[in-house]
Amino acid sequence: MLLINCPYCGERPEPEFVYGGQAHIARPTDPRACSDQQWADYLYLRDNVKGVHNERWRHTHGCGRFFNALRDTTTDRFLATYEVGHEPPATLKGAHS
Amino acid sequence: MQRFSGLTLLRRGLSGQRGWQPQWRRAEPKPSYDAIIVGGGGHGLGAAYYLAKEHGLRRIAVVEKGWIGGGNTGRNTTIIRSNYLFDESAALYDHSVKLWETLSQELNYNVMFSQRGVMMLAHTVHDVQVSKRHIYANRANGVDNEWLSPDEARRICPLLKVDDIRFPVMGAAFQARGGTARHDAVAWGFARAADALGVDIIENCEVTGFLRDSNGAVAGIETSRGVIRAPRIGVSAAGHTSVLLRMVDVRMPLESYPLQALVSEPVKPIFPCVVMSNTIHAYISQSDKGEMVIGAGTDAYTSYTQRGGLHISRHALEAICELFPMFRRLRMMRAWGGIVDVTPDRSPIIAKTPVPGLYVNCGWGTGGFKATPGAANLLAWTIAHDDPHPINAPFTIERFRDGELIDEAAAAAVAH
């Protein structure tokens, strides 16, 4: 079980959270202008990183808020969690692929 | 290859078990092959076997970064069934069940395929409706599946508690042709039979890159044991497929999750079939060694760690103890995880890739073991013909772009 540091509430056990998949994926602003491939990329293609993964979590059974995290998928260790709308911490920037 | 028979067992037995040969060679990589399969699990070894056996290729290598059968082939709960909803899926999975039925004879190796039946429980009105819809669809596709009342389910599996539990059993779908097989034997049997046809099985050989020719087609692989050239390469690497395909700049509609399983201490034969519950999420059968083999769900997050959270396996055990109260006193012996590659529609991909000469068999998610001979057989066909077989033609990468999903995720109506 993971121990996850919610940026709003602090460290809480994993069952309080819901995983939200890869972070920083923006919905195309004009879907009608997308090709089928661009729309499929948005819907279905993820980086599935082996290494440092940029991802979203939601503290469903706590404050209810979404936040972002950097986690190493080879160890499941969290490197950082940070608020939505922010960039990953500068020291870790570029670590994610 | 030394063929196994009652006579050879007797002869070796009388001569002190001396004279057995290794079942496959420890091959060194050659500079080039006609085809390379990346991934030495049941799917990959099987693909090499069928390429040699049915398509006449002789210079074939299987490269495996660890040891053969050490990935998901050795980590699953060995359930085999084909009662999937959609026509495409029923054809695909039943192709595999038909190959299972003769696989021990085909390979001259006892894979211990046991058609003891797979019982899928229904706990809600919705479950009952979905199960019956599956049964009717399966029958229309020539796949056996029947509806059991709670009493009929108990007659087949007397240990099952159907009432006075939190989610009473309202009935079950039962596929009598389903069952289990010995997972290690599947890898070993395919390895031995492929080796006998000249396939080189190269372990401890991790792919680090792909060679491309001037047209962009694959020309070989770079590995931890040097460069190996081949014009046709099949990737059968389960949870690591997207890592490999990234090396040729192809993004796959896959995410890799840990899936956990556990086994109990061995007990006497008490459990006559496979029982699954999608709704309260548990899978259970008894191995021929006597262990109760229990499958849990996937963890919530993507990972490559081959382990998962204890609360996930605990959830499965709670469901097992509810359905089979006598197992509350059973001690668990081992628990582990495998990394499964999940597609958005929970159906696999057996297809050509955008890179000429490169083929994939992936996306089996939580249910790949049952498909081992079928998927291997179809990957081999696809590589040999540079074109999919009609059975795997719908299982492309492009179906996500084209909106032609085979949505077994929605059909199963469970939280995967």
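Keep in mind it's a predicted model, so treat the numbers as computed, not measured.

1. So, the overall build of chain B
For chain B, the helix and strand inventory stands at 11 helices and 19 strands. Against the globule reference of 22 Å for 416 residues, chain B gives a C-alpha radius of gyration of 21 Å, in line with a compact fold. In terms of its C-alpha atoms, chain B occupies a principal-axis envelope of roughly 65 × 65 × 40 Å. Long-range contacts, defined as pairs at least 24 residues apart, comprise 75% of the intrachain contacts of chain B with a sequence gap of at least 6. Element-wise, carbon and sulfur atoms account for 52% of the exposed surface of chain B, whose accessible area totals about 16,800 Å². Each charge sign in chain B was given a centre, from 44 positive and 40 negative side chains, and these centres are 7 Å apart.

2. A look at the overall build of chain A
Helices and strands together make up the secondary structure of chain A, namely 1 helix and 6 strands. Listing each helix as α and each strand as β along chain A from the N terminus yields β-β-β-α-β-β-β. A principal-axis box enclosing the C-alpha atoms of chain A has dimensions of 40 × 25 × 25 Å. Here chain A, with 97 residues, has 39% of them falling under the buried criterion. When contacts within chain A are restricted to residue pairs at least 6 apart in sequence, those whose partners lie at least 24 apart make up 45%. Carbon and sulfur atoms provide 49% of the accessible area of chain A, an area that totals close to 5,300 Å². Considering chain A, the positive charge centre built from 11 side chains and the negative charge centre built from 12 side chains are found 3 Å apart.

3. Thoughts on the sheet that holds strand β5 (residues 66-72) of chain A
Residue and element names in this part refer to chain A. Taken together, the 4 strands give an open sheet; going across it, the order is β3-β4-β5-β6, and neighbouring strands pair in antiparallel fashion. One side of each edge strand has no neighbouring strand; the edge strands of this open sheet are β3 (18-22) and β6 (77-83). Averaged over neighbouring strand pairs, the angle between their axes works out to 30° when direction is ignored. Relative to strand β4 (residues 52-58), β3 is paired through 3 bridges, and the arrangement is antiparallel. Note on β4: the bridge partner recorded for Y19 is W57.

4. Concerning the environment of G44 of chain B
Tracing the backbone through its elements, the reader meets G44 of chain B in helix α2 (residues 42-55). Expressed as a C-alpha distance, the spacing of G44 of chain B and G216 of chain B, which sit 172 residues apart in the sequence, is 24 Å.

5. Re the sheet that holds strand β9 (residues 207-212) of chain B
All names here are of chain B. As summarised here, the arrangement of the 3 strands in space is β9-β10-β11, forming an open sheet in which the pairing is antiparallel. The outermost strands of the open sheet, each flanked by one partner alone, are β9 and β11 (226-229). Ignoring which end each strand starts from, the neighbouring axes of this sheet average 25° apart. Both strand β10 (residues 218-223) and β11 contribute to a ladder of 4 bridges, which runs antiparallel. In the strand pairing of β11, G220 is matched with R229.

6. Observations concerning the interface of chain B and chain A
Counting residues at the interface gives 27 residues for chain B and 22 residues for chain A. Of the roughly 2,200 Å² buried between chain B and chain A, counting both surfaces, carbon and sulfur atoms make up 51%. Joining chain B to chain A, the criterion identifies 1 salt bridge. Here R251 of chain B makes a salt bridge to D47 of chain A, at a shortest N to O gap of 2.8 Å. Linking chain B to chain A there are 15 residue pairs in polar contact (both at pLDDT 80 or more). Broken down by secondary-structure element, the contributors of at least two residues to the side of chain B that touches chain A are α7 (241-246), β13 (255-264), α8 (310-323) and α10 (399-402) of chain B.

7. A word on the domain arrangement of chain B
Many structure descriptions define interface size as the accessible area lost when the parts assemble. Residues and elements named next belong to chain B. Domain annotation for chain B reports domain 1 (28-78 + 183-253 + 345-411) and domain 2 (115-177 + 255-342). When each unit is reduced to the centre of its C-alpha atoms, the spacing between domain 1 and domain 2 is 29 Å. Each partner contributes to the interface: domain 1 provides 17 residues, whereas domain 2 provides 20 residues. Both sides of the domain 1 and domain 2 interface together cover about 1,400 Å² of buried area, and 52% of this is carbon and sulfur. Connecting domain 1 to domain 2 are 0 salt bridges. On the surface where domain 1 and domain 2 come into contact, there are 7 residue pairs in polar contact (both at pLDDT 80 or more). Looking at the side of domain 1 that touches domain 2 element by element, the count peaks at 3 residues for α7. Here the side of domain 1 that touches domain 2 is built from residues that sort into 6 nonpolar, 9 polar and 2 charged.

8. Considerations on the packing of α2 of chain B against helix α9 (residues 372-385) of chain B
All names here are of chain B. Axis separation between α2 and α9 bottoms out at 7 Å; the angle between their running directions is 55°. Here α2 lies oblique to α9, going by the angle between them. Where α2 crosses over α9, the handedness of that crossing is right-handed. In contact with G42, H43, G46, A47, Y50, L51, E54 and H55 of α2, α9 contributes T372, P373, A375, A376, N377, L379, A380, W381, I383, A384 and H385. Looking at side-chain class alone, the contact of α2 with α9 contains 11 nonpolar, 7 polar and 1 charged residues.

9. Things to note about the packing of α2 of chain B against helix α6 (residues 183-196) of chain B
Residues and elements named next belong to chain B. One way to put it is that α2 packs onto α6 with a least axis distance of 9 Å and a crossing angle of 25°. What the angle tells us is that α2 and α6 run roughly parallel. Here α2 runs over α6; the crossing is left-handed. Judged by residue contacts, G42, L45, G46, Y49 and Y50 of α2 engage A187, F190, A191, A193 and A194 from α6.

Rules and cut-offs
Residues numbered from 1 in each chain as written. Chains lettered and ligands numbered in written order. Predicted model: local features only at pLDDT ≥ 70, side-chain atom pairs only at ≥ 80, totals over all residues. Heavy atoms only, no water. Helix = DSSP H or I, 4+ residues; strand = E, 2+ residues; numbered from the N terminus. Rg over C-alpha atoms; globule rule 2.2 N^0.38 Å. Contact = heavy atoms within 4.5 Å. Areas by Shrake-Rupley, 256 points an atom, 1.4 Å probe, with all protein chains shown as cover. Lys, Arg positive; Asp, Glu negative; His and termini not counted. Charge placed at Lys NZ, Arg CZ, Asp CG, Glu CD. Buried < 20%, exposed > 50% of the residue type's maximum accessible area, 1.4 Å probe, protein only. Pairing = 2+ DSSP bridges. Axes fitted to C-alpha atoms, helices over the stretch in contact; angles between N-to-C directions. Buried area = accessible area lost by both parts, 1.4 Å probe. Salt bridge = Lys/Arg side-chain N within 4 Å of Asp/Glu carboxyl O. Polar contact = N/O pair within 3.5 Å; in protein donor to acceptor, adjacent residues only side chain to side chain. Domains from an automatic or database assignment. Nonpolar A, V, L, I, M, F, W, Y, C, P; charged D, E, K, R; others polar. Parallel < 35°, antiparallel > 145°, perpendicular 65-115°, else oblique. Left-handed = near helix turned anticlockwise from the far one by under 90°.

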